[in-house]
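This is what each chain is made of:
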Amino acid sequence: MDALTRRDWLRLTLAAGAGLALTPGDLWAQGTLITRAIPSTGEPLPVIGLGSSATFSQVARQEDVSALKSVLQTLLDGGATLFDTAPSYGSSEEVAGRIVKDAGWASRVFWATKLNVAGRGGSSADPAAARAQVEASFQRVGKAKIDLIQVHNLGDPATQLPILHEFKKQGRIRYVGITTTFDQQYDELVRIMRNEPLDFIGIDYAIDGREVEQTILPLAQEKKIAVLAYAPFGRTRLFRRVADRPLPDWAAEIDAKTWAQVFLKWIIGHPAITAVTPATSQAKNMIDNLGGGMGRLPNQDLRKRMAAYIDALPGA
Ligand SMILES: NC(=O)c1ccc[n+]([C@@H]2O[C@H](COP(=O)([O-])OP(=O)(O)OC[C@H]3O[C@@H](n4cnc5c(N)ncnc54)[C@H](OP(=O)(O)O)[C@@H]3O)[C@@H](O)[C@H]2O)c1
């Protein structure tokens, strides 16, 4: 739990979220946040991060962004570091960048953004526009080095991956990656993973969305590529699917106190996963999600039983 004392944590989280479903004490009882090594360097990364599309980006459009500041503060003071954003997530990158800069938190955040300058009419993206977008990301967060930039949704990797590698060579980017959450792009992602040097990929992975287990996750392990798991709840899909059902008995075996923690622990239970980035606009849900990275994780046998339980529920 970093340098936080128990009293600091209590003060922070009580201020951050009225009406907490979970108490900070519950989190302390579960221990500290699990970390996984980034395969290309061995650097430890806390397994729970924060995404910034969905509700985070809706709130970023509003004038009062104090709720997002509380979410980011909860992330950092809970011992996590990873913030996943993109220039295309509305105001998320700009607003979070301003919060982090103003609060002096930039050095504490593992800042993961993306590059997504589209080419016109299917042509290659303009390299100058791609470089300008990367420079704009530097301005927004005010870090001399951005931790991770990924080519977003396989947007013109032939142009954009070499540009990101140039920035990495200059020491301005620490890690390079590529993302997609579209099944129809998986074959191309696999081709790129086999042929290009990559530190990270970002893919969608959820207890009811397991396609990446076939080829992508084993290949990531083989090629020593870190994996960020996106859309862990399928936005609201999984919560709608479990509705108001009580947690099954097996949730206690993995110290999961909420459905969100069940979904997160199931993902982290796969050894290829480096971190998962649920998006939230609420500090109380950030606390809940941090609990998903603490305590016991399911073994492969329990993961199968958990997925079977969800599969048997009516669709979302
Ligand atoms: N191609 C790509 O690069 C790509 C694609 C998809 C996603 N991503 C990344 O992955 C992140 C996560 O994916 P996502 O935003 O699509 O969906 P998600 O994380 O699966 O779901 C976000 C939704 O879950 C709710 N939520 C969060 N924590 C909760 C909790 N503990 N209990 C109940 N509800 C909770 C949020 O609402 P509240 O605000 O009310 O908590 C929001 O409605 C994105 O934000 C983005 O950073 C990247």
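Here the structure is a predicted model, which is why all the values come from computation and not from measurement. (Residues numbered from 1 in each chain as written. Predicted model: local features only at pLDDT ≥ 70, side-chain atom pairs only at ≥ 80, totals over all residues. Heavy atoms only, no water.)

Chemist: Would you explain the site of the ligand in this entry?
Modeler: Surveying the vicinity of the ligand reveals 29 residues, the closest of which are Thr 55, Asp 84, Asn 153, Thr 280 and Ser 281. Contact between the ligand and Ala 231: an oxygen atom at 3.2 Å from a main-chain N or O atom of the residue. The side chain of Asn 289 places a nitrogen or oxygen atom 2.8 Å from a nitrogen atom of the ligand. Within the complex, the protein chains bury 89% of what would otherwise be the 900 Å² of accessible surface of the ligand. Contributions of two or more residues to the shell around the ligand are made by α3 (54-60) and α13 (283-291). Of the residues forming the shell around the ligand, the biggest block, three residues, is contributed by α13. Across the shell around the ligand, the residue classes break down as ten nonpolar, 15 polar and four charged. (Near = heavy atom within 4 Å. Polar contact = N/O pair within 3.5 Å; in protein donor to acceptor, adjacent residues only side chain to side chain. Areas by Shrake-Rupley, 256 points an atom, 1.4 Å probe, with all protein chains shown as cover. Helix = DSSP H or I, 4+ residues; strand = E, 2+ residues; numbered from the N terminus. Nonpolar A, V, L, I, M, F, W, Y, C, P; charged D, E, K, R; others polar.)

Chemist: Please clarify how the side chain of Glu 93 should be interpreted in this entry.
Modeler: Checked against the element boundaries, Glu 93 lands in helix α5 (residues 92-103). At a separation of 2.4 Å, a polar atom in the side chain of Glu 93 contacts the side chain of Arg 140.

Chemist: Is there a simple way to explain the environment of Ser 281 in this structure?
Modeler: Position of Ser 281 relative to the elements: it lies in the loop between β10 (275-276) and α13. In the structure, Ser 281 is positioned 209 residues away from Leu 72 in sequence and 9.4 Å away in space, judged by C-alpha atoms. Excluding its chain neighbours within four sequence positions, the residues that come into contact with Ser 281 are Thr 55, Phe 56, Val 59, Ala 67, Leu 68 and Val 71. (Contact = heavy atoms within 4.5 Å.)

Chemist: Would you explain α13 in this entry?
Modeler: Residues three or four positions apart in an α-helix share a direction because the helix packs 3.6 residues into each turn. Burial analysis of α13 places seven of its nine residues in the buried class, which makes it a mostly covered element. Taken together, the buried positions of α13 are Ala 283, Met 286, Ile 287, Asp 288, Asn 289, Leu 290 and Gly 291. (Buried < 20%, exposed > 50% of the residue type's maximum accessible area, 1.4 Å probe, protein only.)

Chemist: For this particular structure, what's the right way to read the environment of Gln 170?
Modeler: Note that Gln 170 resides in the loop between α7 (157-169) and β7 (173-180). Considering only alpha carbons, one finds Gln 170 and Lys 145, 25 residues apart in sequence, at a separation of 9.9 Å.

Chemist: Looking at this structure, I do not really get the pairing of strand β9 (residues 226-230). What am I missing?
Modeler: Here is the key point about a regular strand: its side chains alternate between the two faces of the sheet. Along β9, five of the five residues are buried, which leaves the element largely enclosed by surrounding structure. Judged by which residues are buried, β9 turns out to be covered on both faces: Ala 226, Leu 228 and Tyr 230 on one side and Val 227 and Ala 229 on the other are all buried. Summarising the sheet, strand β8 (residues 200-204) and β9 pair through five bridges and their orientation is parallel. By the bridge assignment, Ile 201 is partnered in β9 with Val 227. Remark: the β8/helix α9 (residues 216-223)/β9 crossover connection has right-handed handedness. Sheet analysis places β9 next to β10, joined by two bridges and oriented parallel. For Leu 228, the partnering residue across the bridge sits in β10 and is Ala 275. (Pairing = 2+ DSSP bridges. Right-handed = clockwise from strand over helix to strand, strands pointing away.)

Chemist: Would you take a moment to explain the sheet that holds strand β5 (residues 110-115) for this structure?
Modeler: As a general point, the strands of a sheet are linked pairwise by backbone hydrogen bonds and lie either parallel or antiparallel. On the basis of which strands lie adjacent, the open sheet formed by eight strands has the order β3-β4-β5-β6-β7-β8-β9-β10 and parallel pairing. Taken across any chain shown, the strands that pair with only one partner, and hence form the sheet edges, are β3 (50-51) and β10. The sheet contact formed by β7 and β8 spans four bridges and is parallel. Counted as the bridge partner of Thr 179 is Gly 202 from β8.

Chemist: Is there a simple way to think about the confidence of the model for the chain in this case?
Modeler: When the pLDDT values of the chain are averaged, the result is 91; 88% of them are 70 or greater. Confidence over residues 15-20 falls short of pLDDT 50; this stretch has nine contacts with residues more than four positions distant or in other chains. (pLDDT = per-residue confidence, 0-100.)

Chemist: I'm lost on the pattern of salt bridges in this one. Help?
Modeler: Two side chains carrying opposite charge are able to pair once their charged atoms lie near each other. Enumeration over the complete set of coordinates arrives at 16 salt bridges. Measuring nitrogen to oxygen at the nearest pair gives 2.9 Å for the salt bridge that ties Lys 168 to Asp 199. Of this pair, Lys 168 sits in helix α7 while Asp 199 is found in the loop between α8 (186-195) and β8, placing the two residues 31 residues apart along the sequence. Judged by its relative accessible area of 5%, Asp 199 is buried. Across the salt bridge formed by Arg 237 and Asp 208, the nearest N and O atoms sit 2.7 Å from each other. With Arg 237 in helix α10 (residues 237-242) and Asp 208 in the loop between β8 and α9, the pair connects residues that are 29 residues apart, well separated along the chain. One salt-bridge network, held together by shared partners, links Glu 43, Lys 143, Asp 147 and Arg 174. (Salt bridge = Lys/Arg side-chain N within 4 Å of Asp/Glu carboxyl O.)

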